[in-house]
Amino acid sequence: MEPFASPLTAKFAHPRPLPSTYLPAISPMASSYKNQFPFRPASQSFSLPWMPNTYYKTAALKPTLAAFSQSPQGITDSKEASSISSKTSLFNRYTPDDWYTTNHTNYKESEATRNNAERLRGDNSHVVYEKYQQTRKTQLESTRNLGVRANDIEFWKSELLHELDEMIGETNALTDVKNRLERALAETEAPLQVAQECLRHREKRMGIDLVRDDVEKQLFTEVDVIRSCQERMQQDLDKAKAQLGTNRAAQHELEKDLANKQVAHRIDDQCHHLRNYSQGIHYYRGVERVDATISVPESWARFTNDNILRSQSVRAASAKLRDDTESLLVVTANEMWRQFNRVNVTFTNCIAETADAKSRIQTHLAKTLREIFQVEANIETIRKAIKDQGPPLKVAQTRLDERTRRPNMELCRDTAQLRLVNEVRNIDGTLQSLQQRLRHTEDALQTLVRAKAVLQHDLAVKTNSLFIDQEKCMGMRKTFPSAARLLSPV
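The sections below set out a description of the structure shown in this document. (Residues numbered from 1 in each chain as written. Predicted model: local features only at pLDDT ≥ 70, side-chain atom pairs only at ≥ 80, totals over all residues. Heavy atoms only, no water.)

Take the overall build of the chain next. Helix and strand counts for the chain come out as 10 helices and 2 strands. Taken from the N to the C terminus, the helices and strands of the chain come in the order β-β-α-α-α-α-α-α-α-α-α-α. Put simply, 89% of the contacts in the chain that link residues at least 6 apart link residues at least 24 apart. Accessible area of the chain: about 33,100 Å², with a carbon and sulfur share of 55%. (Helix = DSSP H or I, 4+ residues; strand = E, 2+ residues; numbered from the N terminus. Contact = heavy atoms within 4.5 Å. Areas by Shrake-Rupley, 256 points an atom, 1.4 Å probe, with all protein chains shown as cover.)

Put into structure tokens, the structure is as follows:
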């Protein structure tokens, strides 16, 4: 055994880099670091001096391990041992008691720190849970209040919708009666103008269709039947217009109140269904200090109730006026319907005759158009055939032109030369024949086009007569006051 404080020897057969977190061992405790630092014999020994003053001076310094982080492979044993000796003498400044005391102090401080953090963490969890429950309770209460408010709005909205539907139905019914009365009155206010308008339109017939028939006689008779209904219709029409204005005013108030209710219901329903995980939620600083309310629940409900009561009163007056107007329309319609029907029957017979003549002309015109289409297709075929002769002619002529460049005795009038000349002549003859057929076909097409123009003119005459009688005259007479139109809901 070596004497106390004698130098320790170690040999490093294969120097390897040491980990950066490794702390060199003090010689009395070297055996406790066998797992962290493998034992390696040194080539020479080095001493560990015991210098307390030096230890206290250097204990405040933070040691560095850069010297032990790596060891080059190319260093010799003597140089390596010398480097380790100098560096070990720098770090070996502690005793085992210092080492144990330092570790024990660090353990206690770490345990105290952990205990404090654990207590703080428990307190924080308790506070977080309490605040969460408080916030959740407040939010549930607000959600419940919003639901109650949305139900109140829904109730009054349904009442407004019901009354608005009733008012719209009454207004539409009165408007329908007024429109029927206006249609009847429009014919009765200017019966002569209506009859003259039909006669003026019929004067615009062309050619052979400009004839005097029974339709004109019935138009003159119709004027006298209509004049007797003018005064009574005008009186009821003025009353209906005034009542419609009152109805629309009440309807406007209902619609405005309903629109406000719908917006409020949509907003409150949206707020009622908002959750912490909902999209579109943001911070709005200071919004709780804004108070834009202008009513309380009592005045809010009374406002809507007054609108409904006002609408019901107006609706009752409108229904009475509508019944009176319906009775007037029935009386006047029976007087006007008979003559109206006579004129319509006369118009119907005239229209049927003209339509039959038009149908025959259309049959002939269709056949002519079909033939024109086929002739035009044939013309296109001939033109295509003429165009198709172009490339073969170009090839033959190109061949002849190229063969003219043969040198000297090679300019032989051989079979190929003769065949090319005949080919060019044949193609020219084909082109002339096709062009002549094209001219004859185009002449036939022109004849068909002239026949089509004649038929189209005659068809235009019949179409014009039908348009005047069926569209203009009968179109105006569709709005003429008759029992069927005045009593119908449309």
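Picking up where we left off.
Across the interface, helix 8 (residues 390-403) lies against helix 9 (residues 415-477) with an axial gap of 9 Å and an inter-helix angle of 145°. When you trace helix 8 past helix 9, the crossing you get is left-handed. From helix 8, P392, L393, A396, Q397, R399, L400 and R403 reach across to helix 9, where they touch A416, Q417, L420, V421, E423, V424, I427, D428 and L431. (Axes fitted to C-alpha atoms, helices over the stretch in contact; angles between N-to-C directions. Left-handed = near helix turned anticlockwise from the far one by under 90°.)

With that settled, consider the pattern of salt bridges. Applying the stated criterion to the full structure yields 22 salt bridges. When the shortest N-O distance is used, the salt bridge between D324 and K320 registers 3.7 Å. Within this pair, D324 and its partner K320 are both found in helix 7 (residues 297-388), separated by 4 residues, close to a single helical turn. According to the relative accessible area criterion, D324 is partly exposed, its value standing at 41%. Overlapping salt bridges, with partners in common, bring together R202, R205, R212, D213, E216 and D469 in one network. (Salt bridge = Lys/Arg side-chain N within 4 Å of Asp/Glu carboxyl O. Buried < 20%, exposed > 50% of the residue type's maximum accessible area, 1.4 Å probe, protein only.)

Scanning the model with the defined rule gives 2 aromatic pairs in all. Pairing F155 with W156 gives two aromatic rings, centres 5.2 Å apart and planes at 70°, and the pair type is edge-to-face. For R149, the ring lying beneath its charged end belongs to W300, and the centroid distance is 4.0 Å. (Phe/Tyr/Trp six-rings, centres within 6.5 Å; stacked < 30°, edge-to-face > 60°. Lys NZ or Arg CZ within 6 Å of the ring centre and 35° of its normal.)

A few words on the state of the cysteines. Taken as a whole and judged by the stated rule, the model has 0 disulfides. Of all cysteine sulfurs in the structure, the one in C473 sits closest to C198, which takes part in no disulfide; the separation is 4.2 Å. Classification of C198 as buried rests on a relative accessible area of 1%. Judged by its relative accessible area of 0%, C473 is buried. (Disulfide = S-S within 2.5 Å.)

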